[in-house]
Amino acid sequence: LSTAYFLTTRHNIPCTLIERAGKIAPGASSKAAGFLTKDWNDETPTEKLTRRSFELHQELANTFGADTIQYRRLQCVGVQVDPSGSKEEQAMKHSPKKRKQPQLEWRPPTLAVSNIMDMGDESSIAQVHPRLLCEQLWKACQATGLATLKAGRVVGMQHNANQNQTVKQQQQEEHQVQEPQEEDEVEGVILDDGTVISGDAVLFAAGAWTANIMYGIKGHSLILPTSRVLKQTIFFSSMSYGEPEVFVRPDQTAFVSGYPGDVAKVPNEVEAGSETIEPDVVEKLKQSVRACMGYNTPHVQEEPAIAVSGDPAHVQCCYQPCTDDFLPVMGKLSRRATGGGANDNVYIQGGHNCWGILLAPASGEAMADLIVLGKSRKVDLQPFRPSRYRNLKLFP
């Protein structure tokens, strides 16, 4: 979607988005926390991609209107929670005597914590509502008159329009991948219903379902009400209660996540947007955040600002797409990956793990430039090259 945004609005290139569910961002793209950081990926291969994307998120907020996508700058703290002892006892045990710790805006006065760590302020931390951002990106694409959405699942490549039509039709009906001749050119894709979508370039970006090298990490999240608008994201750490993450939003809700699943292959029959919620994980997450925020502890009588004692307003889950080295895959695909033939126009993008929303704008900008101009102008894509996977295949 981000690539389509830059292709249509910056390069005036028509795009057809093919989505199995028939709607925009049915999976992780609309169910993520929307946490944005400028410098947490410094000194890693994604440093420049992260910093460019953080900059683009601000530009998108200026373009769409910050309130429209719930974009804002905020603070972030790490909180270590110890179930025993009073606040004063914990402070004496763990806090440096001359160091002033950040204040917790939601914290009950008697809640015991072992340590509070400043993890960023408004200069380097921001947030956006992923679903609202995706909606605005798609509206901008549509406003150009160059974008269309098609429901379906890609099952093969369309090579050389002069191939024998009878053979081609039979292969489509059987959902088989065509075996093109060396001189064949990719001219589009074949959907599961036999429909052929033509195009000058093809980009595969389907999250955990993009290619055989992709994995998924199943994550659950809760949307909890808050008694007021808060501006402090919290990363909890507790040997007893777990490590829930609380991302407060400007609409008086908090996005709470934790207890991610293992890295695993996502079955093809699982469709984005219809992931199965696991009640035991939801309950564990509810109890974890309640405990970390001071409910049902002997030293806390006050109720925290986040209303975690009640039922969540919404429960959801999705798969974070990742690779085995946890780096994105972005670039042009080889003949081996696409099944042979001339393929100077087939690309892949995916595997951004928990940073999908953060890295989306710069990734889309880079891929749009690569498709149209032959190179990425702002970010070096070499660390993310698909050729590092010699066994990469798009289809089973």
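A few points on the structure. Nothing here was measured: the structure is a model prediction, and the numbers come from that model. (Residues numbered from 1 in each chain as written. Predicted model: local features only at pLDDT ≥ 70, side-chain atom pairs only at ≥ 80, totals over all residues. Heavy atoms only, no water.)

## Some remarks on the overall build of the chain
Broken down by element type, the chain carries nine helices and 19 strands. Looking at the chain as a whole, 51% of its 396 residues are labelled buried. Here the analysis covers contacts within the chain between residues at least 6 apart in sequence; of these, 77% occur between residues at least 24 apart. Surface exposure of the chain reaches about 18600 Å², of which carbon and sulfur atoms provide 47%. (Helix = DSSP H or I, 4+ residues; strand = E, 2+ residues; numbered from the N terminus. Buried < 20%, exposed > 50% of the residue type's maximum accessible area, 1.4 Å probe, protein only. Contact = heavy atoms within 4.5 Å. Areas by Shrake-Rupley, 256 points an atom, 1.4 Å probe, with all protein chains shown as cover.)

## Observations regarding the packing of helix H3 (residues 47-64) against helix H9 (residues 356-373)
Relative to each other, H3 and H9 sit at 95°, their axes nearing to 7 Å. Comparing the axis directions of H3 and H9 gives the class roughly perpendicular. Contacts from Leu49, Thr50, Arg52, Ser53, Leu56, His57 and Leu60 of H3 reach H9 at Ile357, Leu358, Leu359, Ala360, Pro361, Ala362, Ser363 and Glu365. Here the residues of the contact of H3 with H9 sort into nine nonpolar, four polar and two charged. (Axes fitted to C-alpha atoms, helices over the stretch in contact; angles between N-to-C directions. Parallel < 35°, antiparallel > 145°, perpendicular 65-115°, else oblique. Nonpolar A, V, L, I, M, F, W, Y, C, P; charged D, E, K, R; others polar.)

## Some points on the pairing of strand E12 (residues 215-225)
For E12, the buried fraction is high: nine of the 11 residues fall into the buried class. In the sheet, E12 pairs with strand E17 (residues 314-322) via nine bridges, with the strands oriented antiparallel. Across the sheet, the residue bridging to isoleucine 217 is glutamine 320, located in E17. Relative to strand E16 (residues 263-264), E12 is paired through two bridges, and the arrangement is antiparallel. Bridged to isoleucine 217 within E16 is valine 263. Inspection of the sheet shows E12 paired to strand E15 (residues 253-258) by six bridges, in the antiparallel sense. Its bridge partner lying in E15, leucine 222 is registered against valine 256. (Pairing = 2+ DSSP bridges.)

## Considerations on the pairing of strand E4 (residues 75-80)
Inspection of the sheet shows E4 paired to strand E13 (residues 232-237) by six bridges, in the parallel sense. Each bridged residue has a counterpart across the sheet, and for cysteine 76 the counterpart in E13 is threonine 233. The pairing of E4 with strand E5 (residues 115-120) spans five bridges and is classified as antiparallel. Opposite glycine 78, over in E5, you have methionine 117 as the bridge partner.

## A look at the packing of aromatic side chains
Counted according to the given criterion, the structure contains 10 aromatic pairs. Centre to centre, the rings of tryptophan 40 and tryptophan 355 are 6.3 Å apart; their planes meet at 85°, and the pair counts as edge-to-face. Within this pair, whereas tryptophan 40 is found in the loop between strand E2 (35-37) and H3, its partner tryptophan 355 is found in the loop between strand E19 (346-350) and H9, the two being separated by 315 residues in sequence. Note on tryptophan 40: relative accessible area 28%, which makes it partly exposed. (Phe/Tyr/Trp six-rings, centres within 6.5 Å; stacked < 30°, edge-to-face > 60°.)

## Describing the sheet that holds strand E10 (residues 196-198)
Within a sheet, adjacent strands bond to each other through the backbone by hydrogen bonds, running parallel or antiparallel. Read from one edge of the open sheet, three strands run E8-E9-E10, paired in antiparallel fashion. On the outer flanks of this sheet lie strand E8 (154-159) and E10, each paired with one strand and no other. On average, adjacent strands in this sheet sit at an angle of 30° to one another, irrespective of strand direction. Here strand E9 (residues 186-191) runs beside E10; their pairing, made up of three bridges, is antiparallel. Within the sheet, the bridge partner assigned to isoleucine 190 lies in E10 and is valine 196.

## Focus on the sheet that holds strand E18 (residues 329-332)
The strand order across the open sheet built from three strands is E11-E19-E18, with neighbouring strands paired in mixed fashion. Every interior strand has two partners, whereas the edge strands, strand E11 (202-204) and E18, have only one. Mean inter-strand twist for the sheet, computed between neighbouring axes without regard to direction, equals 20°. Two elements, E11 and E19, share three bridges in a ladder whose sense is parallel. Of the residues in E19, the one forming a bridge with leucine 203 is tyrosine 347. Strands E11, E18 and E19 of the sheet are contacted by H9, whose axis makes an angle of about 175° with E19.

## Describing the environment of glutamate 47
Inspection of the secondary structure assignment puts glutamate 47 in helix H3. Under the relative-accessibility criterion, glutamate 47 is labelled partly exposed at 27%. For the pair glutamate 47 and valine 379, spaced 332 residues apart in the sequence, the C-alpha separation amounts to 9.7 Å. Polar side-chain contacts of glutamate 47 include one of 2.9 Å to the backbone nitrogen of glutamate 43. (Polar contact = N/O pair within 3.5 Å; in protein donor to acceptor, adjacent residues only side chain to side chain.)

## Examining unusual backbone geometry
What is expected of a backbone is that most residues other than glycine have negative phi and most peptide bonds are trans. Positive phi, close to 55°, is recorded for asparagine 12, a residue that is not glycine. Assignment of secondary structure puts asparagine 12 in the loop between helix H1 (2-9) and strand E1 (15-19). The phi dihedral of alanine 25 falls on the positive side, at around 50°, and the residue is not glycine. Tracing the backbone shows alanine 25 in the loop between E1 and helix H2 (28-31). Under the relative-accessibility criterion, alanine 25 is labelled buried at 15%.

## Overview of the pattern of salt bridges
For the structure shown, the criterion picks out 11 salt bridges. A salt bridge links glutamate 55 to arginine 52; the shortest N-O distance between them is 2.6 Å. With glutamate 55 and arginine 52 both in helix H3 and three residues apart, the pair spans about one turn of that helix. Glutamate 55 gets classed as partly exposed once you look at its relative accessible area, which sits at 41%. (Salt bridge = Lys/Arg side-chain N within 4 Å of Asp/Glu carboxyl O.)

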